[in-house]
Amino acid sequence: MPTSTAKIEELVSREYQHGFYTPIEEETLPPGLNEDIVRLISAKKNEPAWLTEWRLKAYRHWLTMKEPTWQNVRYQPIDYNAIHYYSAPKMKSRPKSLDEVDPELLRTYEKLGIPLREQELLAGVAVDAVFDSVSVATTFKEKLAEHGVIFCSFSEAVQNYPDLVRQYLGTVVPYNDNFFAALNSAVFSDGSFCYVPKGVRCPMELSTYFRINAAKTGQFERTLIIADEGAYVSYLEGCTAPMRDENQLHAAVVELVALEGAEIKYSTVQNWYPGDKEGRGGIYNFVTKRGICLGRGSKISWTQIETGSAITWKYPSVILRGDDSVGEFYSVALTNHYQQADTGTKMIHLGRNTRSTILSKAISAGHGQNSYRGLVKVMRGAEHARNYTQCDSLLIGDRCGAHTFPYMEVRNSTAIVEHEATTSKISEEQLFYCQSRGILLEDAVSMIVSGFCRQVFQELPMEFAVEAHKLMGVSLEGAIG
Amino acid sequence: MSTRASAATARALSRDSGFVPPLHGFASYESAAAQFAASGPAWLRQLRAAGLETFRQLGFPTTRIEDWKYSDTTPIVRELFQPPLPSPETQVDLGLWKPWLYSECARLVFIQGRLVASEVAALAQPDQVTLLSLQDALAKEESYVRRVLGACAPLNERSFTALNLALLHDGAWVRVVPGTRLTTPIQLLFVGGSVERPSILCPRNLIVLGDVAEATVIECWIGQSGASFFTNEVTEVVLGEEAHLTHLRIVEERGAMLHLGLTTVQQSRGSTYRSQVVTFPGQWTRVEVLTRLEAQGATAFLDGLFVANDNSFVDHHTAVDHVHGGTTSRQLYKGVLDGAAHGVFNGKVFVRPGALKSDAQQMNKNLLLSDNAEIDTKPQLEIFADDVKCSHGATIGRLDDNALFYLRARGVPADEARRLLIYGFANEIVERVPLEIAERSLRAILQRRLAGAPQED
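Now for a look at the structure at hand. Fair warning: this is a prediction, and the values are worked out from it, not measured in the lab.

## Re the overall build of chain B
The secondary structure content of chain B amounts to ten helices and 20 strands. Judged by the C-alpha coordinates and their principal axes, chain B covers about 70 × 55 × 50 Å. Counting every position in chain B, which comprises 457 residues, the buried fraction comes to 50%. Pairs at least 24 apart in sequence give 81% of the contacts found in chain B among residues at least 6 apart.

Structure below.
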């Protein structure tokens, strides 16, 4: 389609919209990592001794580990001693309310389209915002407290609910789980904490917004969500970062615990800076996310829209321990320019009658490389386990790649496991059909891609589904030609 | 190589490499290689030396290597293998393997790697085809052999291929001249096993079809053994333009038979490779079929069936490499696992950059009949071009309760109903077998295996 190429080139050159930097006074620890830094981070957060010890244990274990190389992504070796492991906006003390938060910070979030104040009033979404390493504001606290829901920054949780944190921290993702989880366990600076008590249906969507601002910092947040018996919570995270030439590391850990009859719905709209169109800069998004369905009849559902990051490498997983528990994974991963993604899930069936559904949609454009990697494991005791997996890839342009690495390991004869995958491109016929009806090329592409992703978008909370649609459009613009 | 030097090599194989040296060291492999090292032309001796060197550098892969994630090589690593002792008898009674001697076929029979019978009288076009042992082929048409040997199974990082090369001695040589449509099927029968000490055999078969040639080749690997008998075979297939090869490979082994079979195929423009792999494993079997579709119109059909019970391990790997656009591949592998058997399927489809209009389909279906059995399947796509049609699927399940009920409601006893359904499941592959006599023989084995009867030939 040569006629549209010029227009497309123009659109491709459109820049990342969230790439601004906020000149704000930050307190940053010197780069590098050693036991003193770990202790210092812990001290800054005024943490109890057991947590400091836990961090040190993780750090010492991390030293014995080697960075994995099996993943289907390529990047320059990371110099772990050049990273700042802690960076925080300077504040005299924790803000009591939004009025005390640095107005410069609030403006940043406004630019990102999440005016905290406005959301507090209108959207009915409780937001915990994490700026570089620390949580800067949590909205709607009182309203949530009425229902007994605890939603605060991780640091606050350590101060105010140490027993809960101690009981669950590291139970789903142990400190020695993998290289990046160990690193996170040693240096994590903040994150969100949520506890929904027995039988409570959380009255609103909970949301965290992550923002990397400072240069040469790594962001290592840790999220812990516990849904007690019969509880329900829907949680959403969004992420952005400024544009920079160097790569920045984001190594988060998310742990979900669902007790009997509880349900956790975790949605991610990830739009970290993906690097420029030559593949310079961008975020390395190396994240460990895992949930455990501990109790009978519990359910964990992951939905992710991955459009950002130079490299996305994560496998939100569910351990189905309780009988009749359910795990779900819905994913849209888009790679354009030189972005790489190696993402998927693990469903570990331990309990009887456990069910899992995996639906993965991968879109590759430009020089993007997109891999689906998933494990479905049915253990011997998992009678009548059921899994259905579908992963589809859409290729746009002849320089990108789509890869599928599904692993199925079944040790129980009553299990039924199905997997199917397809790879195709946007068909010329579909484009022609749309264009002959006066729909512009890029709108047609966007429409077809939206249709391709529809099943996943449907799983998103309403307002974020709208955002996701827009994000896809922007990320894909000019990918055809 | 001195023992000191090989100890150093073993040390160099650090834990992290994912490879391990043989438990009893490289010495036995070195002395086995020394037996053959002096025979054959210089280029072959060089190849063997290179094979031995690569094997010594690598050792055996462990489950830490992705390609071997589910295939534990311990039964091979721990043995002290030697080449099988030459049989003292000069005359072999082929009657022992009568059910395996397919009528209508021209045939080479190897017992423990030694050619014992060459029945080429059945060939309708004897001038259009060369059917020889590799040793004889080296004597008669060395230049052809030299061009083909190692061409599509290069050393790379494959330690078993390197080992095959190091111990390379004999095998089968099939060459069909261009333009010949061979009407007589060719059977290659390899009888192994029946050894008293752990033995290793590394046959290499070469099948070359000239342009527009057509042939059917049936490889049968049979045997049973009390002591470990490790067959580490490599078959290289080179197909000329518009050549058609139907390639049936049957492995029916019992007892302590260990079998690693690698078939690598090079396909030119418009060629068709039709592979059927049927495996009834002994203790440990891994069969790999790798094909490169190197030019427009090359087509590959890869079918497979494995039926395993007891404690056997059976692994099938396929890789279809769409190097060039306009190529097509179809794969269907089915597995039946009972007892405490462990089955593995790993199918790969690669579509290289620029290989537009590639069309690849892959399907793997597995029946898991016992809670002690295990199946690990990994269908894999790696696509680097957009204008392609690629899909794959995999299922794991047990027999359909409704179908069982249907049969039982009509008075079919439970056991028989089960067998009938399994037989039907396997039949999808068996009925595609090109030669009626081979099909009949497979049905007989299948029924015997399913009946759980003592397995006598």
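## Overview of the nonpolar core
By size, the foremost hydrophobic cluster in this structure holds 238 residues, and its most contacted members are Ala-227, Val-233, Ala-258 and Ile-264 of chain A together with Val-351 of chain B. Here this core gets twelve residues from one element, more than from any other, and that element is strand 10 (residues 214-239) of chain B. Not counting residues within four places of it along the chain, the set of residues in contact with Ala-227 of chain A comprises Val-196, Tyr-232, Val-233, Ala-258, Leu-259, Ala-262, Glu-263 and Ile-264 of chain A.

## Quick look at the packing of helix 10 (residues 428-436) of chain A against helix 11 (residues 441-457) of chain A
All names here are of chain A. Packing of helix 10 against helix 11 leaves a shortest axis separation of 9 Å and a crossing angle of 125°. What the angle tells us is that helix 10 and helix 11 run oblique. Considering how the two elements wind past one another, helix 10 and helix 11 form a crossing that is right-handed. Across from Gln-430, Leu-431, Cys-434 and Gln-435 in helix 10, the residues of helix 11 making contact are Leu-441, Ala-444, Met-447 and Ile-448. Considered class by class, the residues forming the contact of helix 10 with helix 11 number six nonpolar, two polar and no charged.

## Regarding the interface of chain B and chain A
Contact with chain B, which involves 33 residues of that partner, is made by 33 residues of chain A. Secondary-structure elements contributing two or more residues to the side of chain B that touches chain A are strand 19 (374-383) and strand 20 (389-397) of chain B. Ranked by residue count, the leading element in the side of chain B that touches chain A is strand 19 of chain B, at ten residues. Its residues assigned to classes, the side of chain B that touches chain A shows 14 nonpolar, nine polar and ten charged.

## Some details on helix 9 (residues 179-187) of chain A
Counting buried positions along helix 9 of chain A gives eight out of nine residues, so the element sits mostly inside the fold. The complete set of buried residues in helix 9 of chain A reads Phe-180, Ala-181, Ala-182, Leu-183, Asn-184, Ser-185, Ala-186 and Val-187 of chain A.

Definitions and limits used
Residues numbered from 1 in each chain as written. Chains lettered and ligands numbered in written order. Predicted model: local features only at pLDDT ≥ 70, side-chain atom pairs only at ≥ 80, totals over all residues. Helix = DSSP H or I, 4+ residues; strand = E, 2+ residues; numbered from the N terminus. Buried ≥ 20, exposed ≤ 12 C-beta atoms within 10 Å, placed from the backbone. Contact = placed C-beta atoms within 7 Å. Core = buried A, V, L, I, M, F, W, Y, C linked by C-beta atoms within 7 Å. Axes fitted to C-alpha atoms, helices over the stretch in contact; angles between N-to-C directions. Parallel < 35°, antiparallel > 145°, perpendicular 65-115°, else oblique. Left-handed = near helix turned anticlockwise from the far one by under 90°. Nonpolar A, V, L, I, M, F, W, Y, C, P; charged D, E, K, R; others polar.

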